[in-house]
Amino acid sequence: MFKRFTQEECVSSQSQVKSSVGRAIRTAICDQYPKIEDVIDELLPKKESLVLAKCTNHIQLLVVKNEPIFFQQRDGPWFPTLRLVHRRASVFEDHVWRTDAGAIRFVLGGSNVMCPGFTHDDGDMPADLPVDAPVVVGAFGKKHAMAIGQVKMTKGDILEKNKGICVDNLHFLNDGLWQLKNGQLD
């Protein structure tokens, strides 16, 4: 999704959101990530203006203090950016799946995650996430997440089939969104 993302080419407009829309976004994010309620006032301050940056492919970036912290495609779920996940890992720990070490180079290249990456002995799927839910993709033996994806198969289907794409890779380390100058939109 953000493999060839550049601010100049992909961001068409930025607009400050109304307070009612901001409250609706806060509520939606808190519903998706229950552990975020403790830090939501820090991440989305009520006194700070929230900006929605509209991008190509019906993507919206939620920007606070010029830093994108969440993104959404169409009216789907809100996905955290990797910078936010690295800063607040404990908030998203219920959404983490870990691949084996062999999948790292493919995921960092932008490939979707295949079932064998999670069913390998080193893979781990502690949370049973529904289809289309956001997932933070980590790797065996690594501290930080390497990608943000969207679940395409349930945990049961992954273990049963062990074949095909189970997570769409939306945002990964070193993609266009990660490489924004100082992690900020101008």
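Residues numbered from 1 in each chain as written. Predicted model: local features only at pLDDT ≥ 70, side-chain atom pairs only at ≥ 80, totals over all residues. Heavy atoms only, no water.

1. Things to note about the UniProt feature "domain: Pre-PUA" (unreviewed entry) in the protein chain
Item 1. Feature annotation in UniProt places "domain: Pre-PUA" (unreviewed entry) on residues 5–87, given in this structure's numbering.
Item 2. Helix and strand shares over residues 5–87 are 34% and 33% respectively, and the end C-alpha atoms of the span are 22 Å apart. (UniProt positions renumbered as here; feature names shortened; annotations may be inferred. Helix = DSSP H or I, 4+ residues; strand = E, 2+ residues; numbered from the N terminus.)

2. Details of the pattern of salt bridges
Once the charged atoms of two side chains with opposite charge are near each other, the side chains can pair.
Item 1. Applying the stated rule across the entire model yields 7 salt bridges.
Item 2. In this structure, Arg 26 engages Asp 41 in a salt bridge whose closest nitrogen and oxygen atoms are separated by 2.5 Å. Taken together, the residues span a long stretch of sequence, with Arg 26 in helix α2 (residues 19–32) and Asp 41 in helix α3 (residues 40–43) at a distance of 15 residues.
Item 3. The exposure class of Arg 26 is buried, given its relative accessible area of 13%.
Item 4. Arg 88 is the partner of Glu 42 in a salt bridge, and the nearest nitrogen-oxygen pair spans 2.2 Å. With a gap of 46 residues between them, Glu 42 in helix α3 and Arg 88 in the loop between α4 (82–87) and β6 (96–99) connect regions that are remote in the sequence.
Item 5. When its relative accessible area of 22% is taken as the criterion, Arg 88 is described as partly exposed.
Item 6. Through salt bridges with shared partners, a single network forms among Lys 35, Glu 93 and Asp 94. (Salt bridge = Lys/Arg side-chain N within 4 Å of Asp/Glu carboxyl O. Buried < 20%, exposed > 50% of the residue type's maximum accessible area, 1.4 Å probe, protein only.)

3. Structural notes on the environment of Gln 16
Item 1. Residue position: Gln 16 is located in strand β1 (residues 11–16).
Item 2. In this structure the C-alpha to C-alpha distance between Gln 16 and Val 131, which are 115 residues apart in sequence, comes to 32 Å.

4. Quick word on the packing of aromatic side chains
Item 1. Tallied over the full model, the rule gives 6 aromatic pairs.
Item 2. Geometrically, the ring pair formed by Tyr 33 and Phe 70 is tilted, given 6.3 Å between the ring centres and 35° between the ring planes. Remark: Phe 70 occurs in strand β4 (residues 67–73) and Tyr 33 occurs in the loop between α2 and α3; sequence separation between them is 37 residues. As far as burial versus exposure is concerned, Tyr 33 and Phe 70 are alike and both buried.
Item 3. Aromatic side chains Trp 97 and Phe 118 sit 5.3 Å apart centroid to centroid with 75° between the ring planes, which places their arrangement in the edge-to-face category. Remark: Phe 118 occurs in helix α6 (residues 115–119) and Trp 97 occurs in strand β6; sequence separation between them is 21 residues. (Phe/Tyr/Trp six-rings, centres within 6.5 Å; stacked < 30°, edge-to-face > 60°.)

5. Regarding the domain arrangement of the protein chain
Item 1. Segmentation of the protein chain into domains returns domain 1 (7–86) and domain 2 (89–172).
Item 2. The centre of domain 1, based on its C-alpha atoms, is set 23 Å off from the matching centre of domain 2.
Item 3. Domain 1 puts 16 residues into the contact, and the matching count from domain 2 is 20 residues.
Item 4. Summed over both sides, the interface between domain 1 and domain 2 buries roughly 1,500 Å², with carbon and sulfur atoms accounting for 73% of that surface.
Item 5. Summed over the shared surface of domain 1 and domain 2, the number is 2 salt bridges.
Item 6. Note that Asp 94 is salt-bridged to Lys 35, the shortest N-O span being 3.4 Å.
Item 7. Where domain 1 touches domain 2, the interface holds 6 residue pairs in polar contact (both at pLDDT 80 or more).
Item 8. For the side of domain 1 that touches domain 2, the elements supplying multiple residues, two or more each, are β4, β5 (79–80) and α4. (Domains from an automatic or database assignment. Contact = heavy atoms within 4.5 Å. Buried area = accessible area lost by both parts, 1.4 Å probe. Polar contact = N/O pair within 3.5 Å; in protein donor to acceptor, adjacent residues only side chain to side chain.)

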